[in-house]
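Residues per chain are reported as follows:
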Amino acid sequence: MTLSSTDALFAGSIPELYETYLVPLIFEPYALDLARRAQATAPARVLETAAGTGVLTRALAQALPASVELVATDLNPPMLARAAAVGTARPVTWQQADALQLPFGDAAFDLVACQFGVMFFPDKAAAFAEARRVLRPGGALLFNAWDRIEENEFAAVVTGALGLLFPADPPRFMARTPHGYFDRDLIARDLAAGGFGASPEFETVTGRSRAATPMLPAIAYCQGTPLRNEIEARSPDGMAAATQACAQALEKRFGAGPVEGKIQAQVVLVRK
């Protein structure tokens, strides 16, 4: 599925809203899961790509020994700035970097970790090839990607509500990009095209997303992701109405609050 030019645009108020609303809603439990898996690989030097506002970075900083060097990168400076402002339990190197052109030497890291970032890479095989290049022999690439949108209930309800609001041109960001890279065979082919000869290990991890009110996930998705760019392109003054429509759809499905919905992702580990 082809990415839109705005799918990877995390700027303006998005980083703040993303960190405030979306991180606790869906990202924190998966960050803890990935950090636990990273710890099991016993790395000495770790590179994180697509670090966003640093939820995985913070989990890695807590889970890994203080002797482990941690370098966290992201394509979007506003997201890294927000991550650095939140901070970590111990020193981390923050660096702007494109995952398709990593500014690091060959065989420089024991582990490359990426939380919900691979879906945004315009050329997945090229990104995997770069990850493999900077890994030492025996090193690992560890990442996760959201499962299909039907397995992620809040995202599915929001997408459906916006489809009713904009029937002539439904905003499809959530289905197209965050939830558009779940096929295991495709992921395995992309990893092989990136040079990984070993078979990847896959695990489906299911969780629950919880919020005090339906409005919170509505704000999180409509205003704290690049879905915001699609809504504003269709209705420059319609963000409040779109958010309200999504909140009403979430309330209809899950009740007035607290609300709870299924989330599901694929976790992938492959060694060099």
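The preceding data block contains the structure.
Since the structure is predicted, the reported quantities are computational estimates derived from the model, not experimental observations.

Section: the overall build of the chain
Thinking step 1. The number of helices and strands found in the chain is 10 helices and seven strands.
Thinking step 2. Computed over C-alpha atoms, the radius of gyration of the chain comes to 18 Å, within 12% of the 19 Å expected from 2.2 N^0.38 for 272 residues, which places it in the range of a compact globule.
Thinking step 3. Taken along the three principal axes of its C-alpha coordinates, the chain extends 50 × 35 × 30 Å.
Thinking step 4. Buried positions account for 55% of the 272 residues belonging to the chain.
Thinking step 5. Sequence separation of 24 or more characterises 81% of the internal contacts of the chain that already satisfy a separation of 6 or more.
Thinking step 6. For the chain, the accessible surface area stands at approximately 11000 Å², while carbon and sulfur atoms represent 52% of it.

As for the pattern of salt bridges
Thinking step 1. The tally for this structure, following the rule as stated, stands at 16 salt bridges.
Thinking step 2. The salt bridge involving Glu151 is made with Lys262; its shortest N-O contact spans 2.4 Å. Here the residue Glu151 occupies a position in the loop between β5 (135-146) and α5 (153-165), and Lys262 occupies one in strand β7 (residues 259-271), the gap between them amounting to 111 residues.
Thinking step 3. Judged by relative accessible area, which is 24%, Glu151 ranks as partly exposed.
Thinking step 4. We classify Lys262 as partly exposed; its relative accessible area is 22%.

Focus on empty space enclosed by the protein
Thinking step 1. This structure, assessed with the given rule, holds one cavity of 30 Å³ or more.
Thinking step 2. In this structure, the largest cavity spans a volume of roughly 60 Å³.
Thinking step 3. Lining the largest cavity are Thr49, Ala99, Leu102, Val112, Cys114, Val118, Phe121, Ala127, Phe128, Ala131 and Leu141.
Thinking step 4. Only β4 (109-115) and α4 (124-134) provide two or more residues apiece to the lining of the largest cavity.
Thinking step 5. The greatest single-element share of the lining of the largest cavity, amounting to three residues, is contributed by α4.
Thinking step 6. Taken together, the residues of the lining of the largest cavity sort by class into 10 nonpolar, one polar and no charged.

Comments concerning the environment of Val68
Thinking step 1. By the element assignment, Val68 lies in the loop between α2 (55-63) and β2 (69-74).
Thinking step 2. Taking relative accessible area as the criterion, Val68 reaches 4% and is therefore assigned buried.
Thinking step 3. The spatial distance from the C-alpha of Val68 to the C-alpha of Pro217 is 35 Å, given a sequence separation of 149 residues.
Thinking step 4. Ignoring anything within four residues of it in the chain, the contact list for Val68 reads Pro43, Ala44, Arg45, Val46 and Arg90.

Cut-offs applied
Residues numbered from 1 in each chain as written. Predicted model: local features only at pLDDT ≥ 70, side-chain atom pairs only at ≥ 80, totals over all residues. Heavy atoms only, no water. Helix = DSSP H or I, 4+ residues; strand = E, 2+ residues; numbered from the N terminus. Rg over C-alpha atoms; globule rule 2.2 N^0.38 Å. Buried < 20%, exposed > 50% of the residue type's maximum accessible area, 1.4 Å probe, protein only. Contact = heavy atoms within 4.5 Å. Areas by Shrake-Rupley, 256 points an atom, 1.4 Å probe, with all protein chains shown as cover. Salt bridge = Lys/Arg side-chain N within 4 Å of Asp/Glu carboxyl O. 1 Å grid on protein atoms, 1.4 Å probe; cavity = no way out; pocket = protein on both sides within 12 Å on 5 of 7 lines; lining within 4 Å. Points joined across faces, edges and corners; volume = space filled by probe spheres on them. Nonpolar A, V, L, I, M, F, W, Y, C, P; charged D, E, K, R; others polar.

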